[in-house]
Amino acid sequence: MSDVIVHVTDDSFEEEVLRSDKPVLVDYWAEWCGPCKMIAPILQEVAESYVDRVKVCKLDVDSNSVIPSQYNIRGIPTLMLFKSGNIEASKTGALSRSQLAAFLDSNI
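Positions within a chain are numbered from 1, following the residues in the order the chain's sequence is written. Local features in this predicted model are restricted to residues of pLDDT 70 or higher, and side-chain atom pairs are both shown and tallied only at a pLDDT of 80 or more, whereas totals for entire chains, interfaces and linings draw on every residue. The basis for every side-chain value is the complete set of non-hydrogen atoms in the structure, without hydrogens or water.

### Remarks on the overall build of the chain
- Helical segments are the DSSP runs of H or I of at least four residues, strand segments are the runs of E of at least two, and each set is numbered from the N terminus. Looking only at helices and strands, the chain has four helices and five strands in total.
- By the compact-globule yardstick of 13 Å for 108 residues, the chain fits well, its C-alpha radius of gyration being 12 Å.
- Judged by the C-alpha coordinates and their principal axes, the chain covers about 30 × 30 × 25 Å.
- Whether a residue is buried, partly exposed or exposed follows from its accessible area with a 1.4 Å probe, protein chains only, as a fraction of its type maximum: under 20%, in between, or over 50%, in that order. Sorting the 108 residues of the chain into buried and exposed places 45% on the buried side.
- Two residues form a contact once any of their heavy atoms are found within 4.5 Å. Contacts spanning at least 24 positions in sequence make up 73% of the contacts within the chain whose residues lie at least 6 apart.
- A total of about 5,600 Å² of accessible surface is found on the chain, and carbon and sulfur atoms cover 47% of it.
- Under the convention used here, Asp and Glu are negative, Lys and Arg are positive, and both His and the chain ends fall outside the count. We put the charge of a Lys on NZ, of an Arg on CZ, of an Asp on CG and of a Glu on CD. For the chain, the centre of its 10 positive side-chain charges and the centre of its 16 negative side-chain charges are spaced 6 Å apart. Note on method: radius of gyration uses C-alpha positions; expected globular size equals 2.2 Å times residues raised to 0.38. Computed with a 1.4 Å probe, the accessible areas rest on the Shrake-Rupley method; for each residue, only the protein chains presented here act as cover.

Written out as structure tokens, the structure is:
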């Protein structure tokens, strides 16, 4: 993992995501999730190419139960885009690079 992706926890979520100055894409994932592993390199690419416009965070749903419960996460991977502490948009399921870019471009 590179330092362009921030790993957040229940404890750091408010500081890293809700109080962020720029839009934040949160990837809710788990180690055992196949589709989560499939989109990991795509998220890495997107995090690098959107580094000036979007902060990318990952939250492991197995290690952190409060935040996924609070945001009603039922399936993973779920991607949620936050702006000024509010959910701007969300998608569940693995996305291709072009789908993820289109999702971000239409919402940031």
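### Some points on the packing of aromatic side chains
- When the centres of two rings from Phe, Tyr and Trp lie within 6.5 Å, Trp using its six-membered ring, the rings pair. Their planes under 30 degrees apart give stacked, over 60 give edge-to-face, and anything left gives tilted. Summed over the entire model, instances satisfying the criterion amount to three aromatic pairs.
- Taking 5.7 Å as the distance between ring centres and 45° as the angle between the ring planes, the aromatic pair formed by F13 and Y71 counts as tilted. Here the residue F13 occupies a position in helix α1 (residues 13–18), and Y71 occupies one in the loop between α3 (66–70) and β4 (78–83), the gap between them amounting to 58 residues.
- For F13, a relative accessible area of 1% translates into the label buried.
- Ring plane angle 85° and centroid distance 5.3 Å describe the contact between Y71 and F82, whose orientation is recorded as edge-to-face. One end of the pair, Y71, is in the loop between α3 and β4; the other, F82, is in strand β4, with 11 residues separating them in the sequence.
- Take F82: its relative accessible area is 1%, and that puts it in the buried class.
- A cation over an aromatic ring shows up here: K58 above the ring of W29, its NZ or CZ 4.9 Å from the ring centre. For a ring to carry a charge above it, either NZ of a lysine or CZ of an arginine must fall within 6 Å of the ring centroid while also lying within 35 degrees of the normal to the ring plane.

### Some details on the sheet that holds strand β3 (residues 55–60)
- Strand pairing is defined by DSSP finding a minimum of two bridges between the two strands. Read from one edge of the open sheet, five strands run β1-β3-β2-β4-β5, paired in mixed fashion. Looking along the sheet, the strands with just one partner apiece sit at the ends: β1 (5–8) and β5 (86–92). Averaged over all neighbouring strand pairs, the angle between strand axes comes to 25°, with direction disregarded.
- In terms of strand pairing, strand β2 (residues 24–29) meets β4 through five bridges, oriented antiparallel. Considered in β4, the bridge of V26 is made with M80.
- Here an axis means a line fitted to C-alpha atoms, over the contact stretch when the element is a helix, while the angle between two N-to-C directions is reported on a 0 to 180 degree scale. Strands in contact with helix α4 (residues 97–107) are β2, β4 and β5; relative to β4, the strand with the most contacts, it is inclined by about 20°.

### Regarding unusual backbone geometry
- Cis geometry is adopted by the peptide bond preceding P77, which originates at I76 and carries an omega value of 0°.
- With respect to the helices and strands, the residue P77 is situated in the loop between α3 and β4.
- Located in the positive-phi region is N72, a residue other than glycine, with phi close to 60°.
- In this fold, N72 is placed in the loop between α3 and β4.
- Given a relative accessible area of 47%, N72 falls into the partly exposed group.
- With phi around 50°, S84 is a residue other than glycine that occupies positive phi space.
- The class for S84 is exposed, based on a relative accessible area of 66%.

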